[in-house]
Every structure is written in C-alpha cells, then in structure tokens.
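Here's the letter readout for the chains.
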Amino acid sequence: MSGLALLRRFARFLLLLPILIPSTLSSSPPPPLHASSTPPVAATFKVGFILDMSSATGKICRTVARMAADDFYAHHPNSTNRIVLLPRDSSRDVVNAAAAALELLNSDEAHAILGPQTSVEAPFVADLGAKARIPVVSFSATSPAVSPARNPYFVRAAPSDAAQVRAIAAIVQAFDWRRVVAVYEDSDYGTALVPFLVDAFDEVGASVPYRCALSPSATDDHISAELYRLKTLQTRVFVVHVTSPLAIRLFPLIRSADMMSDGFVWILTEGLTSQLGSIDPPTLVPDTMQGVLGLKPYIRWSHRLQDFKRRWRREFLKENADSDITELSNFGIWAYDAVWALAAAAERLGSVVGPDFDMPENNGATDFSKLGESRTGPKLLDYINQTEFEGLGGRIHLDNRELNVTAYQIVNVNGEKAREIGFWTARHGLTRELNWSSTSAYSATREGLLPVIWPGYSTAVPKGWTTPTSGRTLRIAVPGPVEPGFQSFLNVEHDPATNVTWASGFVIDVFEAAVRQLPYALLFEYEPYRNANGTSGGDYNTLVKQVYNKKYDAVVGDVTITANRSMFVDFTLPYTVSGVSMVVPLRDQHSKNAWIFLKPLTADLWLVSAAFFVFTGAVVWTLEHRRNVEFQGTPGQQLGTVFYFSFSTLVFAHRENLMSNLSRVVVIIWVFVVLILQSSYTASLTSMLTVQQFRPTVSDFEELRLSGQYVGYLKSSFTKGLLLKLGFEESKLKPFRSPQQYQEALSNGSVAAIIDEIPYLRVFLKDYCDNYTMAGQTYKTGGFGYVFPKGSPLASDLSRAILNITEGEEMTEIERRWFGDQTSCPNQGSTLSSDTDRLDIKSFWGLFLITGAVSMLCCIVFLSRSAYRNRRIFKAIAAEKSFGRRLLSIARLFDARDSSSHGTRRRTEPKQVGPATRDASPSASPYSNYADTQTTISDHTFDGGSPLPEIGSPIPDPRPHAEITEASR
C-alpha cells in the first residue's frame, strides 16, 4: 500500500473520529432516557452522508444528523446496530456526488446513503444505489425529476415539489389572476416542476404565457436582461422556483430593476420559502423580498420540536461560530426524521456482522464494474418503507417511499421574517386557521387569507397585469366591405395613406367591451378582409380557414358558429340571439269578415256554453215543474219554457218566478257565469272591430314552401344551404345584399318572404317595422361568435366576459345604440297570429265546473227530498210486476202537481167541488187541473194493487178530515 493511500485512510479516520466518539456535552433528548446500565457492544452500521458542506443547508443538516443519531440511541440504549455516519462533501457538484457515492459503496461498503442534498445530484446517486441494491434516503431532493416510482431504491423523506402546485394555483385563483410567469432554475430541480405548474394553473383558468429559465451559472448581466424583458410584458404575477444560491443573486437584481414595487406579485415555492430563515446573508430577506408570498409544508408545533430547536441552536453555534443562521429549516427537521427512520430500520435487521456485499466475479478496471450488491439492502428498504413513528415533523409514514404533506402554510414577508397569513389543504382549500374537524367545502377565495402587504408596502390587491410596452400585437381580421344597410351591425374602413383601419358597429362594440373586462391587457389591430381592389376576400368559410392557417390571429365579425367550422377553430360563446327566421309583409284584417262576431270565442267554448245553457234550463225546470204553474203545460209548452228561460238569462230577460230555493241558487250561480262570459265576449269583439288587426301574410316555413312562392336570403350566407335542406327549390331562392333590397323585393312582390338570421332581420326591422314582421318558427343556430385558433385561451376568457356583458345593462345599451328601441314599433305590437287571442275553454273551465257542480248538487237534494216524502208511493210502485208499469207510474208521479207548496196555495182560490167544475174540460186551460186539486199527491197512500189515478184527477186522502184540516192550518 502506498504512503498516499495510508495518508488518506488516516485522514478519513481523523474525520470520522468526532462522530464515533459520543458527545458528552450534548443535553438530554426530549424522550426519557433508559437506565444508565452499560449497553452491549453494538454492530457498526455504516451510512454514507453526502452533503454540500459549505452551504447553509449542509451545515444545518450535518449538525442535525449527528444529534438525531445521539437522540435515537439515547432512547434505545440496547440497540444491536448503531449507525455511523460517513460524511462526504459534494460541493454541489454532480461529479463529486457520484464519486463520493462510489467511494462509500466500494471502499466503505456503506449499508445505506443519506442524501444527496440537491435534486441535481440525486438522480445519478439513486442509480448507483439501485445498482448496488442499497437505499438512498434523501431529505432535500424534492424535484419530480427523481422519483421513487422510477428509482426502486430511492426514498424521499420529504414531500415532492409536485405536491405544492395545487396550493400555488389556489392562491392565483383566490386573487383572480389569469396569467402567471414562471421564473425557474434551468436545471433538473427547476424544469421538472414547470409542467405540473402549467397543469395546475390550467385547472383554475390561468395560463403561463411566458417562461423565464435562468441557468445557475448565468451572469448578473444576463439575469438583468431577462428581468427587463419580463418588465416590458403585461403580466405582473411571477412564481419563482430556484435554489437558494441563485435566489441570493436574483432578488437584489429584481429590486434594482424596480420590479419589487407596487403592482408586482412574487410567489416563492416551498424550497425557497423553507429556507427564508436560514439564508446567508440574513439581510437578503428584509432588503429585497418585502411583500413576497411563499408557501411551505406545515409542521405542527410541539414541545419536543421547540426543545430540539433550542438544543440545535446551541450545538450549531459551537460548530459554526461565525454563522448568522439562527433558525432551523424544514430540511433540517426532515433530516432528523430520516436518520431516525434509518436507525429504526437498521435495528429491525438485527446484528449485521461481516461483509455485506456480494462482489462481482469479474472485477473490471473501473469503479463502476467493481460495484457489488448488498445482501441486506432489499430488506432494509422494506423496513424503511414500513417505518412509522412520531417524528419532529409530525407523524412519519413513507407512503410508497415518499413523505406526504397534509397542509401547506402560506406566508407573507414583512420586515425580517415571514408572517403566516393562512393555510391550504386539499380538503378545505384556503383557510385562515387549520380545523381538521370542519365540514366546509373546498374554497379558494381571498377571504381564506389574512390581509397581505404587497411589494411596495401596498395593501391594494394587484390586478396582475399592466399595459405592456412591448409584445406581440394580435392581427384581427374584420369581414368587408359591408353593405350600407348593415353598417350598424359591422363596418370597417381602411386608409391606404396612413395604413390605419377603423372598425365600428354592434359587433365591434361588443368585442371591445369584452376585451375591457379581461384581467389582462390585449394588444390587437384590425385588418379588413378584402382584396386589393376593395372587394371581399372570400366567403366566411374561407375566412375561418385563414385563422386555421395562422394568417390571422382572430376574426371579429358576424361569423356564424357551425359544427363544420368548429372543427378547425375555436369560437367564443354567441354574443347575439341565435336562430333563423323569416320576415313577411303585414296585412290588415280590420272587420272585413262577415262572421267576425263568432271569432271572440273558439268552437269548443261555443259548444260548451250552449250545452250549459240547455243543462241549466233543464235543471231549473226539474226543480220548478211540480209546484210552479209557469213551468207546466203541454210538453211543447214545457220544452219551450226550458229553452226560453235558459237563453233569456243571456240578456237577463227571464220573467218566470221561481218557487224553489234550490232553483234560485242554480240561477244565481249561472247568471254570474253568464255575466263573465258576456263581458269577455264583448271586450274581445270590441277589440276586433275597433283595433287594427295586422297579420303576417305567411305564418310558417311549410306554408311558404308549399305555396311555391319566391324566397329571399342574404348572399354569401349559410342560409341558402339550410333552405335547400328544408325542401325549398333552388330556383325559388333569390339572393340579396342589403336591407334596402329586402324592402324593395317585399314591397313589389318579387318575394313572399325574406329568410335570414335573426340579427340581420333585426337590422332590417329597425327601419321597416311598420309594414313587416318576423313570423313562423325559429330554426336554432349557433349564433355569431368570435373566431380564435384551436386551444387559444382567449376564446374562453372572452366567452366569460361576454356572459358578464349579457347579464348586465351594457349589452342593452349597445343594442339600443345601434338598433334603436324596437319595442316602440306600433304595428309589431298589434300583430296577431291566427288563434292566439281568441277566448277558449281553458280560461273558463273553472266557472263551468262551479255552475255544473252546484246544479247537480241541487238536483240531488231535490230528488232525495222527493223520494223521502213519497216513500209510501214508491213502495206501492215497487210492488208493480211490470217494469214498464213501474216506469210509467214514476213518470205520472213526477208529472203530477205539488199543491202543498206555499206558492200554490197563495195563487189558488178555494172552490166548492161541484158538477160544473167536475165536468169542466181539462183542455180549457193548461192550469185547470192545478186549480181543482185540493190535496197533495205526496200525502196520498195507494192501496196495494189499485190503479194510479189519472193525471189531473182528484186524489183522495186516506187520513180523516180533521187531520187534513189540522195539517192545512
């Protein structure tokens, strides 16, 4: 062995000597110590420890790891294995880290590796660990570039950077920022997070229009140039994801560029936020980071953690007397728990004695070829993954060899320290306080955070954008030239001398109003879509293809949203009423119909009314016939009385006196119904006779198609294709270009109707509503929308802005400005369709139900009373053997007069029965029989089997004369 090799081994021995000799100066750890009996001799368990010894994190973690090992074995004095940390300095270099790992594996035969410190070093060391089958446990390599899923022997005792992106997106969503610039380190640590950030922002409706990648070796001049480029752009929200060495250079340059001022927003990722208290120099935070936001994994406070921080601070200052670091970072806490996890897993292995590696049979010439495979590594990896205990950072459980975080703490830098302003959890979103028992839903609003002091010591929430001084201007095509009649809808003019384009009209006003509502500035210029000679550049399908071919960035015009066009471009939501309808002339039908008096009521209402007239008359006759002489007589007279009485109530001219209270109730209800019917009929008929009745000449598309008349449509519109699909003959279709041509064709009868999209028809009716109207059904279309390339975020942003305009008053004001107030058109309000204003049964069925129910109820009461009074007679009738005889007897009973009523006695003078009266002809008067009858048939009792008396003959009463006299009193 050469002298140089011996010198190296002696130097390593001297380096490891302070670690192998227990420190007698350290205070007792928080867990209680076991009895101070002499522990058994433990087997040495070698653990490589790769750090950047010159960095703040490296210095912190080196002290923490030594204290963690001492604490573990003070708490477990009878351990069979004792880990021995073998520190190696990587100097933040990938090659040095790989060389250190090879030395630890080949020369020292380490059972595991703790580290490396940075995400740039971790992938190569993790590959070496996989080849040697030993666990590589890192507490600070958080980049998604190295993942336990892809590296089977890599264990991350810290949360992945990808876990924080939803929390960052929630902050952006809470303050309604729509665009964010990612400023990241151009390394495995920085670039691996950007795709996760973009996806998270996309979920909350934000985008990343610009990215700024800074190399760790970039000069200050290069960084300043990049910052000034960002300053000229419109976005003012920046997410910074860099390591602390680059951050120490970056933020003084940000302040020099005057970008740490009012209106700017800076958000730090957890890697930098966790080190705010340990950055060297300590003046960096108060001097250059005032107002920035940051987030870091939340670590619950505990007495054990507080005591350890106090002990660590004392030990750290002993080893680093010149350091200004006084705060323990999250990486130090995770390093402590990682050492405990390794020590606990090593203890579960049992005593490890002798060589642990199976060396390859063919030793190569390189260190890589000499790398053996650990016999205990796979089992140790399983024990590490199964380890679960209460660590400094809370409950430690490595789910799939990675530490999970349940909450993130959001901070705001004010003064020398970061102030806590809230928390984020996957269950509740942004909250000011943690409450795990809360049942509230997920929320990402600014109310979930305490007030923020922004850069420039401002308390006003930055809007996140400003008018840029540079940047790409969108080229927006505007269809042209536009016919004079449609210039209120859209108009574009171009000045060749100044090369300036002006656009105006309803379409332009809606677009610019939507742009004003965007949460960022939008630079654009209009370009007319026309040829050099001033003619149109093509139809709208061709214009849409220009956006697809990237000749234009957008189209602002009256472009209809169709399924075919949407295959090539994205549309905003429609900003106008969608649909295709037709305009037809109006004709006045004022009182030209001889049968107009029948028009106020529909046929079903006429029939129901007539039926109820007859029904009511029949009910009144039934109730009055037996006791009221005015409802008696020959059958023809009685039938005439029924019809005359019922229909005379129409004009309230009925003269018959009613004797029964039941019939009076029926008539009162019926007269009320007649009054309402009559009033409604009179009002409707008066309106028909006095008000002008404008009706469309054609009522629907099918009627127009079957008539074979000519139909007009707008030239170059998709309406022609729709009409051909509906069955119209192409020879009957005439194209027109302006509202004036529409009016001329309709007035001279060249066409029977104009079929076009509703927005164009509204422009036409603005000037010609006196003589024309929209009629027929509406065929739904997609409406007019603005055109953008596929995947453009402007389509969704402008759609949201259009909805805000439509729901407010601004859209109404724009329509009134360009189209006028079409509700003031007189003839439009008087236009009637065929039957919509006629009175039908639906308006009166309740009244008929009431009068019908009352009439039926009165009939039931009357029949029940009559049946009860004549129960003896009905018993006699029931004894009849012939059904026809019984039916005839009931008819005679019903037709017989009831002289017991008060009205009958009042109207009849008593007569002495004699030959003159007995021999009087019954046909001399229709009421002669009524005068001769002195007793009521309801009081008569028939003898069994005796024939019934003839109608009109006196009916003997079986009661004694005295009883009859007494009853008559």
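Up top you'll find the structure we're talking about.
The rules we used
- Residues numbered from 1 in each chain as written.
- Predicted model: local features only at pLDDT ≥ 70, side-chain atom pairs only at ≥ 80, totals over all residues.
- Heavy atoms only, no water.
- Axes fitted to C-alpha atoms, helices over the stretch in contact; angles between N-to-C directions.
- Helix = DSSP H or I, 4+ residues; strand = E, 2+ residues; numbered from the N terminus.
- Parallel < 35°, antiparallel > 145°, perpendicular 65-115°, else oblique.
- Contact = heavy atoms within 4.5 Å.
- Nonpolar A, V, L, I, M, F, W, Y, C, P; charged D, E, K, R; others polar.
- Phe/Tyr/Trp six-rings, centres within 6.5 Å; stacked < 30°, edge-to-face > 60°.
- Buried < 20%, exposed > 50% of the residue type's maximum accessible area, 1.4 Å probe, protein only.
- Lys NZ or Arg CZ within 6 Å of the ring centre and 35° of its normal.
- Left-handed = near helix turned anticlockwise from the far one by under 90°.
- Disulfide = S-S within 2.5 Å.
- Pairing = 2+ DSSP bridges.

Visitor: Residue-level account of the packing of helix α19 (residues 661-690) against helix α27 (residues 845-869), with values.
Guide: Put simply, α19 and α27 touch, their axes get as near as 9 Å, and they point 170° apart. Here α27 runs roughly antiparallel to α19, going by the angle between their axes. For the pair α19 and α27, the contacting residues are L662, V665, V666, I669, W670, F672, V673, I676 and L677 in the first and L847, F848, I850, T851, V854, S855, C858, V861, F862 and R865 in the second. In the contact of α19 with α27, the residues fall into 16 nonpolar, 2 polar and 1 charged.

Visitor: Kindly report on the packing of aromatic side chains, identifying the contributing residues and their values.
Guide: Across all of its chains, the model carries 41 aromatic pairs by this definition. Judged by centre distance (5.4 Å) and plane angle (75°), the ring pair of F511 and F524 falls under edge-to-face. Of this pair, F511 sits in helix α15 (residues 506-516) while F524 sits in strand β21 (residues 524-529), and the two are 13 residues apart along the sequence. Judged by centre distance (5.2 Å) and plane angle (70°), the rings of F511 and Y786 are edge-to-face. With F511 in helix α15 and Y786 in strand β30 (residues 784-789), this residue pair connects regions lying 275 residues apart in the sequence. No difference in accessibility class separates F511 from Y786, as the two residues are buried. Looking at K463, its charged tip hangs above the ring of W465, at a distance of 4.2 Å from the centre. Geometry around Y710 places K734 over its ring, the cationic atom sitting 4.5 Å from the centre.

Visitor: Kindly report on unusual backbone geometry, identifying the contributing residues and their values.
Guide: Cis peptide bonds are those with omega within 30 degrees of zero, and the linkage from G115 to P116 qualifies with -5°. Mapped onto the fold, P116 is located in the loop between β3 (112-114) and α4 (122-132). One non-glycine residue, D176, lies in positive phi territory at about 60°. Looking at where D176 falls in the secondary structure, it is placed in the loop between α5 (165-174) and β6 (181-185). Using a relative accessible area of 48% as the deciding quantity, one classes D176 as partly exposed. Not every positive phi belongs to a glycine, and D258 is a case in point at roughly 60°. Turning to its location among the elements, D258 is positioned in the loop between α9 (244-256) and β9 (265-268). The exposure class assigned to D258 is partly exposed, which follows from its relative accessible area of 46%.

Visitor: How would you summarise the packing of helix α2 (residues 56-75) against helix α13 (residues 330-349) if you had to cite specific residues and measurements?
Guide: Between α2 and α13, whose axes approach to 8 Å, the crossing angle comes to 40°. It follows that α2 is oblique to α13 by the angle criterion. Once α2 is placed against α13, the crossing between them reads as right-handed. Contacts between α2 and α13 involve T57, I60, C61, V64, A65, M67, A68, A69, D71, F72, Y73 and H75 from the first element and F331, G332, A335, Y336, V339, W340, A343 and A344 from the second. Considering only residue class, the contact of α2 with α13 consists of 16 nonpolar, 3 polar and 1 charged.

Visitor: Tell me what's going on with the state of the cysteines, and back it up with residues and numbers.
Guide: The full count for this structure, using the stated rule, is 0 disulfides. Left without a disulfide partner, C858 is nearest to the cysteine sulfur of C859, which lies 7.2 Å away.

Visitor: Could you give me a rundown of the sheet that holds β30, with the residues and numbers involved?
Guide: Read from one edge of the open sheet, 5 strands run β21-β18-β22-β30-β23, paired in mixed fashion. The outermost strands of the open sheet, each flanked by one partner alone, are β21 and β23 (569-571). Going across the sheet, the axis of each strand differs from the next one's by a mean of 35°, ignoring polarity. In the sheet, β23 pairs with β30 via 3 bridges, with the strands oriented antiparallel. Bridge assignment links F571 to a residue of β30, and that residue is V787. Its contacts with the sheet place α15 against β18 (474-479), β21, β22 (554-560) and β30, and it is angled at close to 160° to β21.

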